[in-house]
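# Remarks on the overall topology
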Amino acid sequence: MAEHYIPDNLPTRIRHYIDGEFVDSVSGRTFDVLDPVSNETYATAAAGQKEDIDLAVAAARKAFTTGPWPRMKPRERARVLYRIADAVEAQEARLAQLETFDTGLPITQAKGQALRAAENFRFFADLIVAQFDDAMKVPGAQINYVNRKPIGVAGLITPWNTPFMLESWKLAPALATGNTVVLKPAEFTPLSASLWAKIFQDAGLPDGVFNLVNGLGEEAGDALVKHPDVPLISFTGETTTGKTIFRNAAENLKGLSMELGGKSPAIIFADADLDAAIDSTLFGVFSLNGERCTAGSRILVHRDIYEEFCDKYAARAKKIVVGDPHDPTTEVGALVHPEHYDKVARYVEIGKSEGRLLAGGGRPEGRPTGNFIAPTVFADVAPDARIFQEEIFGPVVAITPFADDAEALALANNTRYGLAGYVWTNDLTRAHTFAQNLEAGMVWLNSHNVRDLRTPFGGVKASGLGHEGGYRSIDFYTDQQAVHISI
Ligand code: NAD
């Protein structure tokens, strides 16, 4: 077997962090954490139960009701957030190693994650300092203004793809606005979340403001969602989990933000810059091992360029280097966990009867073990095929031809999801008209998925509920009280 890099000083026990202390589960229960290349257990993590969530929520509640954090001026909180950002950035190399080891992401792609996480903290620090709210006057009658207040304990539940960065996407706005938090990271990848404790401590975040409970979704996650003292849940994960959380949060009428699954289309018109479109659509589905919510996992191509596109695309897909996640030449690493590998491998088998296999189709050569799947391309996929309709969340893409704009739009919108869309055309009018008609929360025109933190992030249909990003995140994590004064 090829050599497998293992980072130094890996913990063998991963614990909760409650009220400024690392602790085990009150129950003593643990779960195994696997490395996705060997699929061997490298650590055990505390398996949070309701009692652990109760302790974490009590600590967060105390920090909210009696601690300084919600009462600090925005500038004071921003200073702490800037220190957090600097500390995150300083850990770039170590974080990339841990993230790659725990998730199986290629090291070159794990490397940007700390910088993105740091940027999330700086961005929301800047935003709360610049934040102003409306004041309205009714001449001779009233002055009315908006009082913006943090809400309380925010429950943050996150998935395993780019775990640390996605945690920062919730932690930064929740903390910036003066809330206290309980984070429940994904059980497949709990390693990097532990880094937050020391980063926050060193930056001067008061104890109890940040609490971390590891554990399974059905146990720790469930208890957090049902806890009556947690008025907000920000969740990123699968659509089916989102539905369960929606039901469970109903009893206490919680504020919910849901960033869910996707099956996003990339639409390539005949007038597109074909080489740029091929580069981008390869990146769109094969970067991050295809474990990307906004992956362009359905490629719709105009019939005039369909065969040329398929040939060139498949030739490039076959050249993608699958290998040890820590090897800097690797472009696709190991899928996160054997359960997820089994799911993706099942879809590859289903695809063989639903489309024309152009590349991949199983394990890459020389990788008989570990969660490796060769970049897999299916062409001629019908819109009712499962690989066209269902989120695979791996390095698998479905290509389908279209004859005209109307058919392209019908195909693009023909799923229950609506997260992202990518449109490739040199016709300006077509690009904007098509974007307008796409049922997608985010559209990129002639572009990769590049984020601007000020813009809304989120999906429509089964891809999400509510949008975060810029002031929308501030709105989600705060109450806006209207105060009316008679004059
Ligand atoms: P998942 O839904 O299985 O798990 C996500 C989190 O929810 C985990 O922490 C899990 O423990 C927890 N959880 C599971 N059941 C729960 C329950 N009953 N109550 C409370 N918490 C529970 O998702 P995953 O497999 O970790 O992540 C992959 C999914 O996330 C994909 O569908 C992907 O598209 C989606 N995703 C979406 C975005 C986005 O921004 N829209 C970003 C990244 C990932």
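Residues numbered from 1 in each chain as written. Predicted model: local features only at pLDDT ≥ 70, side-chain atom pairs only at ≥ 80, totals over all residues.

An unreviewed UniProt entry annotates the protein as 5-carboxymethyl-2-hydroxymuconic-semialdehyde dehydrogenase of Arthrobacter ginsengisoli.

Now for the UniProt feature "active site" (unreviewed entry) in the protein. Under the present numbering, the feature "active site" (unreviewed entry) in UniProt falls on Glu259. Note on glutamate 259: 27 C-beta atoms within 10 Å, which makes it buried. (UniProt positions renumbered as here; feature names shortened; annotations may be inferred. Buried ≥ 20, exposed ≤ 12 C-beta atoms within 10 Å, placed from the backbone.)

Pairing is mixed across the open sheet formed by seven strands, whose spatial order is β15-β16-β17-β14-β13-β18-β19. Looking at which strands have only one partner, the edges of the open sheet turn out to be β15 (356-359) and β19 (442-445). Each neighbouring strand pair of the sheet contributes to a mean axis angle of 20°, computed without reference to strand direction. Of the strand pairs in this sheet, β15 and strand β16 (residues 376-379) are connected by three bridges, and their pairing is antiparallel. By the bridge assignment for β16, alanine 359 is matched with valine 377. Strands in contact with helix α10 (residues 274-286) are β13 (265-268), β14 (298-302), β17 (396-402) and β18 (420-424); relative to β13, the strand with the most contacts, it is inclined by about 170°. Against the sheet, helix α12 (residues 338-354) contacts β15, β16 and β17, and its axis sits at roughly 30° relative to β17. (Pairing = 2+ DSSP bridges. Helix = DSSP H or I, 4+ residues; strand = E, 2+ residues; numbered from the N terminus. Axes fitted to C-alpha atoms, helices over the stretch in contact; angles between N-to-C directions. Contact = placed C-beta atoms within 7 Å.)

Here we come to the nonpolar core. Membership of the largest hydrophobic core comes to 145 residues, with the highest contact counts inside it found for Leu81, Val181, Val182, Ile267, Ile268 and Ile399. For this core, the leading source of residues is helix α6 (residues 163-176), giving nine residues. Every residue in contact with isoleucine 268, bar those within four places of it in the chain, is listed here: Ala277, Ile299, Leu300, Val301, His302, Phe309 and Trp424. (Core = buried A, V, L, I, M, F, W, Y, C linked by C-beta atoms within 7 Å.)

On to the pairing of strand β8 (residues 153-157). For β8, the tally of buried residues reaches five of five residues, placing the bulk of the element in the interior. Neither face of β8 is left uncovered, since the one carrying Val153, Gly155 and Ile157 and the one carrying Ala154 and Leu156 both have all their residues buried. As paired strands, β8 and strand β9 (residues 180-184) are joined by five bridges and run parallel to one another. Following the sheet pairing, alanine 154 is matched in β9 by valine 181.

What follows deals with unusual backbone geometry. Across residues other than glycine, the phi torsion is negative in most instances, and most of the peptide bonds are trans. One non-glycine residue with positive phi stands out, namely asparagine 9, at about 50°. You can see asparagine 9 is positioned in the segment before β1 (13-14). Residue classification places asparagine 9 among the exposed residues on the basis of 6 C-beta atoms within 10 Å. Phi at aspartate 380 takes a positive value of approximately 55°, unusual for a residue other than glycine. Along the chain, the position of aspartate 380 falls in the loop between β16 and α13 (386-389).

Looking now at the sheet that holds strand β21 (residues 478-486). Taken together, three strands build an open sheet; the order of strands is β6-β7-β21 and the sheet is antiparallel. Every other strand in the sheet has two partners, leaving β6 (135-138) and β21 as the edge strands with one partner each. Across the sheet, the mean angle from the axis of one strand to that of its neighbour is 20°, orientation sign disregarded. Two strands pair when backbone bridges link them, and β6 and strand β7 (residues 142-150) are joined in this way by four bridges, in the antiparallel orientation. The partner of lysine 137 across the bridge, within β7, is isoleucine 143.

A separate point is helix α2 (residues 74-90). For α2, built from 17 residues, the straight-helix expectation of 24 Å at 1.5 Å per residue is met to within 8% by its first-to-last C-alpha distance of 24 Å. Where α2 is buried, its residues meet α5 (113-130), α6 and α7 (195-203). (Expected span 1.5 Å × (residues − 1).)

The next point concerns the UniProt feature "domain: Aldehyde dehydrogenase" (unreviewed entry) in the protein. Following the UniProt record, one finds the feature "domain: Aldehyde dehydrogenase" (unreviewed entry) at residues 22-483. Split by type, residues 22-483 is 41% helix and 19% strand. Its first and last C-alpha atoms lie 42 Å apart.

Another aspect to go through is the environment of proline 231. Positionally, proline 231 belongs in the loop between α8 (217-226) and β11 (232-236). In sequence terms proline 231 and leucine 212 are 19 residues apart; their C-alpha atoms lie 17 Å from each other. Other than its neighbours up to four places away in sequence, proline 231 contacts Ile151, Gly152, Lys254 and Gly255.

Scored by pLDDT, the protein comes out at a mean of 97, with 100% of its residues at no less than 70. Two summary scores accompany this predicted model of the complex, namely pTM at 0.98 and ipTM at 0.97. (pLDDT = per-residue confidence, 0-100.)

Neighbouring residues of the ligand: 31 residues in total, closest Pro159, Gly217, Gly221, Gly237 and Cys293. At the level of elements, α8 and α9 (239-250) are the ones that each hand at least two residues to the shell around the ligand. Here the element with the most residues in the shell around the ligand is α8; it accounts for five residues. A breakdown of the residues in the shell around the ligand according to their chemical character gives twelve nonpolar, twelve polar and seven charged. (Near = placed C-beta within 6 Å. Nonpolar A, V, L, I, M, F, W, Y, C, P; charged D, E, K, R; others polar.)

What follows covers the packing of α2 against α5. Contact geometry of α2 with α5 gives a least axis separation of 8 Å together with a crossing angle of 170°. On the basis of their axis angle, the class for α2 and α5 is roughly antiparallel. Facing α2, whose interface residues are Pro74, Arg75, Arg77, Ala78, Leu81, Tyr82, Ile84, Ala85, Val88 and Glu89, α5 presents Ala114, Leu115, Ala117, Ala118, Phe121, Arg122, Phe124, Ala125, Ile128 and Val129. (Parallel < 35°, antiparallel > 145°, perpendicular 65-115°, else oblique.)

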